[in-house]
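The chain contents come next:
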Amino acid sequence: MTLIDGKKTAAEIKQEIAAQVKEMESRGERAPHLAAILVGHDGGSETYVANKVKACGECGFRSSLIRFEDDVTEERLLDEIKRLNEDDEVDGFIVQLPLPRHIDEQRIIRAIDPEKDVDGFHPVNVGNMSIGLPGFVSATPAGIMELLRRYGVETKGKHAVVLGRSNIVGKPMATLLMQKSNPGNCTVTVCHSATPNIKEICREADIIVAALGVPGFVTEDMVKPGATVIDVGTTRVPDSTRKSGWRLRGDVDFENVAPKCAFITPVPGGVGPMTICSLMMNTLKAKQK
Ligand code: GUN
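Notes on the structure follow. All of these numbers come straight from a predicted model, not from anything done at the bench. (Residues numbered from 1 in each chain as written. Predicted model: local features only at pLDDT ≥ 70, side-chain atom pairs only at ≥ 80, totals over all residues. Heavy atoms only, no water.)

## With respect to the overall build of the protein chain
Logical step 1: When you go through the protein chain residue by residue, the secondary structure sums to 10 helices and 11 strands.
Logical step 2: By principal-axis analysis of the C-alpha atoms, the protein chain measures approximately 50 × 45 × 40 Å.
Logical step 3: In the protein chain, once contacts between residues fewer than 6 apart in sequence are set aside, the share between residues at least 24 apart is 71%.
Logical step 4: Carbon and sulfur atoms make up 52% of the accessible area of the protein chain, which totals about 13,700 Å².
Logical step 5: For the protein chain, the distance from the average position of its 36 positive side-chain charges to the average position of its 39 negative side-chain charges is 3 Å. (Helix = DSSP H or I, 4+ residues; strand = E, 2+ residues; numbered from the N terminus. Contact = heavy atoms within 4.5 Å. Areas by Shrake-Rupley, 256 points an atom, 1.4 Å probe, with all protein chains shown as cover. Lys, Arg positive; Asp, Glu negative; His and termini not counted. Charge placed at Lys NZ, Arg CZ, Asp CG, Glu CD.)

## Points about the site of the ligand
Logical step 1: Taken together, Lys52, Val95, Gln96, Leu97, Asp119 and Phe121 make up the full set of residues near the ligand.
Logical step 2: At a separation of 2.8 Å, a nitrogen atom of the ligand approaches a polar backbone atom of Val95.
Logical step 3: Note that a nitrogen atom of the ligand is positioned 2.6 Å from one of the side-chain N or O atoms of Asp119.
Logical step 4: When grouped by side-chain class, the residues that make up the shell around the ligand number three nonpolar, one polar and two charged. (Near = heavy atom within 4 Å. Polar contact = N/O pair within 3.5 Å; in protein donor to acceptor, adjacent residues only side chain to side chain. Nonpolar A, V, L, I, M, F, W, Y, C, P; charged D, E, K, R; others polar.)

## A word on the pattern of salt bridges
Logical step 1: Throughout the structure, instances matching the rule amount to 22 salt bridges.
Logical step 2: In this structure, Arg150 and Glu16 form a salt bridge, with 3.0 Å as the shortest nitrogen-oxygen distance. Remark: Glu16 occurs in helix α1 (residues 6-26) and Arg150 occurs in helix α6 (residues 139-150); sequence separation between them is 134 residues.
Logical step 3: Ionic pairing is found between Arg247 and Asp239, a salt bridge with its closest N-O pair at 3.4 Å.
Logical step 4: In this structure Asp239 comes out as buried when scored by relative accessible area, which is 11%.
Logical step 5: Salt bridges sharing common partners tie together Glu16, Glu146, Arg149 and Arg150. (Salt bridge = Lys/Arg side-chain N within 4 Å of Asp/Glu carboxyl O. Buried < 20%, exposed > 50% of the residue type's maximum accessible area, 1.4 Å probe, protein only.)

## As for the pairing of strand β4 (residues 92-95)
Logical step 1: Of the two faces of β4, the one holding Gly92 and Ile94 and the one holding Phe93 and Val95 are both buried throughout.
Logical step 2: Where strand β2 (residues 33-39) meets β4, four bridges bridge the pair, whose relative direction is parallel. Note that in β4 the partner of Ala36 across the bridge is Ile94. (Pairing = 2+ DSSP bridges.)

## Quick notes on a nonpolar patch on the surface
Logical step 1: A surface patch of nonpolar side chains, about 280 Å² in accessible area, is lined by Met1, Leu3 and Phe254.
Logical step 2: Note on placement: Met1 falls in the segment before β1 (2-3). (Patch = residues over 30% accessible without salt bridge, like charges linked within 9 Å, V, L, I, M, F, W, Y side chains within 5 Å.)

## Some details on the environment of Thr283
Logical step 1: Within the secondary structure, Thr283 is located in helix α10 (residues 271-288).
Logical step 2: Given a relative accessible area of 0%, Thr283 falls into the buried group.
Logical step 3: Sequence separation of Thr283 and Gly92 is 191 residues, and the distance between their C-alpha atoms is 5.8 Å.
Logical step 4: Setting aside residues up to four positions removed in sequence, Thr283 forms contacts with Pro32, His33, Leu34, Phe61, Asp91 and Val118.

## Here we look at the packing of aromatic side chains
Logical step 1: Per the stated rule, a full pass over the model turns up zero aromatic pairs.
Logical step 2: Note that Arg236 overlies the ring of Trp246, its terminal NZ or CZ placed 3.8 Å from the centroid. (Phe/Tyr/Trp six-rings, centres within 6.5 Å; stacked < 30°, edge-to-face > 60°. Lys NZ or Arg CZ within 6 Å of the ring centre and 35° of its normal.)

## What to know about α1
Logical step 1: With 21 residues, α1 ought to run about 30 Å at 1.5 Å a step, and its terminal C-alpha atoms sit 30 Å apart, in line with that.
Logical step 2: Of the positions making up α1, those classed as buried are Gly6, Thr9, Ala10, Ile13, Lys14, Ile17, Ala18, Val21 and Met24.
Logical step 3: The inward-facing, buried residues of α1 abut α2 (43-59), α6 and α10.
Logical step 4: Once α1 finishes, Gly28 follows within two positions and takes phi at roughly 90 degrees, a positive value. (Expected span 1.5 Å × (residues − 1).)

This is the structure:
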């Protein structure tokens, strides 16, 4: 069994990016600049955004954090997005999701200039990815593809099962895995809450990507010996032994599943650090455009 070390891989990639930024600056260019809009004080979102700002520092990027309270109006957010779209000093920006219920998330995403949409959530970027054209790809699936590439996981002709159909992970993951590319070229099955025979389908999988948000969902009896298992789950579960009172748990019963696998990602330290890394790669690409 090979443990796919996302933390180590992400650290290597950030060093590679930092070297490119140094080179840019030595040519007299300014460093890439990522802005993040954060609405409210959700604990998870606060942590994600803080980690994104920290990663910018590690890569030598400029970063700006723009905060609004929960009661911000949709119009005020749209004004801020317009300002960022027009700011030549900002190469890319993100609006951290989820947003409060009174705000139309899709309207916010559609307002972002696709050329600055480093999250790859705008319909133009989703469409470009879908037909194999260049553009920004959603960070989590892009990070997983990078892990498969760097660890030399054979994907051509393999059966990949994606658990979950979210716009951010499941759908783009399925699209990328079926793409005529390496990694890619898989036969893909997508399972979701209305799939009756998930266990049987998983047992046929060479590659499982678990992105349901159900801690410990993938059990040992669902995994074929020699399979590759990628765990996207990051649910906070109570843990009285931790100072915080919680720990992160993935969608895979790691302890019992890992011994059967050819490759597996841990939680934490697997997909999570790569997601932020992909955002950094997208921001560098936005600056180079
Ligand atoms: N919420 C959960 N994941 C993400 C992400 O990748 N980008 C943004 N903007 N919000 C998120």
